[in-house]
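Here is how the chains run, residue by residue.
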Amino acid sequence: MSDSDASGENEQDKAPEAQSRPVTAAARRERRASTRPSGKSEARSDGKTRPAKAGEKTDDAAKPEKSSDAKGKATPKRDRKPKKASLFARILRFIREVWAELRKVIWPNRKQMVTYTAVVLIFVVFMVALVSGLDLGFKQVIGLVFG
């Protein structure tokens, strides 16, 4: 037994404090969002901030003029509706999308089709026999009760 085993530490506990790279894209986005500074300028790894891009407001210009309501409101929606395409263009788009979806389908081969068809036919014959048998049985019971 080694000293690290005796003290209850294993190799994973000795790993550096930094977290491993996130596996999923969502986890990476969440990690990036949590590490961003809250200010307007972006901090770099060397501690410096990046200069503002052309057309980008600086911290001085970005501050609202003593209005506490400016940051709390959502941007209003626009009333403009997107222009509809012509009927012919919409039909053509629909056909293209249907064709693209049909290319994604995995079509069964001949052996699978024969097997599936036989299974369906056997099931249908069974269900017809079951319903016919129940119908005859109920007919006999009704005949005895009301007959």
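Per-chain numbering applies: the sequence of each chain, read as written, is numbered from 1 onward. Local features in this predicted model are restricted to residues of pLDDT 70 or higher, and side-chain atom pairs are both shown and tallied only at a pLDDT of 80 or more, whereas totals for entire chains, interfaces and linings draw on every residue. Hydrogens are left out, water is left out, and the side-chain values use all remaining heavy atoms of the structure.

Chemist: Sorry, what's going on with the overall build of the protein chain here?
Modeler: Think of it this way: any DSSP run of H or I at least four residues long counts as a helix, any run of E at least two long counts as a strand, and we number them from the N terminus. When helices and strands are counted, the protein chain shows five helices and zero strands. When a residue's accessible area, from a 1.4 Å probe over protein chains only, is under 20% of the maximum for its type it is buried; when over 50% it is exposed; and in between it is partly exposed. Residue burial in the protein chain is summarised as follows: out of 147 residues, 2% are buried.

Chemist: Whenever I open this one, the pattern of salt bridges confuses me. Can you help?
Modeler: Pairing between side chains of opposite charge can happen when the charged atoms of each approach one another. Any carboxyl oxygen of Asp or Glu within 4 Å of a side-chain nitrogen of Lys or Arg constitutes a salt bridge here. Enumeration according to the criterion identifies two salt bridges in this entry. Between Arg-93 and Glu-97 there is a salt bridge; the shortest N-O distance is 3.0 Å. Of this pair, Arg-93 and Glu-97 both sit in helix α4 (residues 87-104), four residues apart, which is roughly one turn of that helix. Relative accessible area serves as the criterion here: at 41%, Glu-97 is assigned to the partly exposed category. The salt bridge involving Lys-104 is made with Glu-101; its shortest N-O contact spans 3.1 Å. Of this pair, Lys-104 and Glu-101 both sit in helix α4, separated by three residues, roughly a single helical turn. Since its relative accessible area comes to 46%, Glu-101 is described here as partly exposed.

Chemist: Any chance you could explain a nonpolar patch on the surface here in plain terms?
Modeler: In this scheme, patches are assembled from residues that exceed 30% relative accessible area and form no salt bridge. Like charges are connected within 9 Å, while nonpolar side chains (Val, Leu, Ile, Met, Phe, Trp, Tyr) are connected within 5 Å. In short, Shrake-Rupley with a 1.4 Å probe defines the accessible areas, and a residue's cover is counted only from the protein chains shown. Judged by side-chain polarity, Leu-87, Ile-91, Phe-94, Ile-95, Val-98, Trp-99, Leu-102, Val-105 and Trp-107 come together as a nonpolar surface patch covering roughly 950 Å² of accessible area. Relative to the helices and strands, Leu-102 is located in helix α4.

Chemist: What should I look at first to understand helix α5 (residues 110-146) in this one?
Modeler: Because each turn of an α-helix spans 3.6 residues, side chains separated by three or four positions end up pointing in the same direction. Expected span of a helix, by definition, is 1.5 Å for each gap between consecutive residues, and there is one gap fewer than residues. Between its first and last C-alpha atoms α5 spans 53 Å; for 37 residues at 1.5 Å apiece the expected length is 54 Å, and the two agree. The definition of a polar contact used here is a pair of N or O atoms within 3.5 Å, where within protein one atom must be able to donate a hydrogen and the other to accept one, and adjacent residues in sequence count solely through side-chain atom pairs. Of the residues that open α5, the one with a side-chain oxygen 3.3 Å from the backbone nitrogen of Lys-111 is Asn-109.

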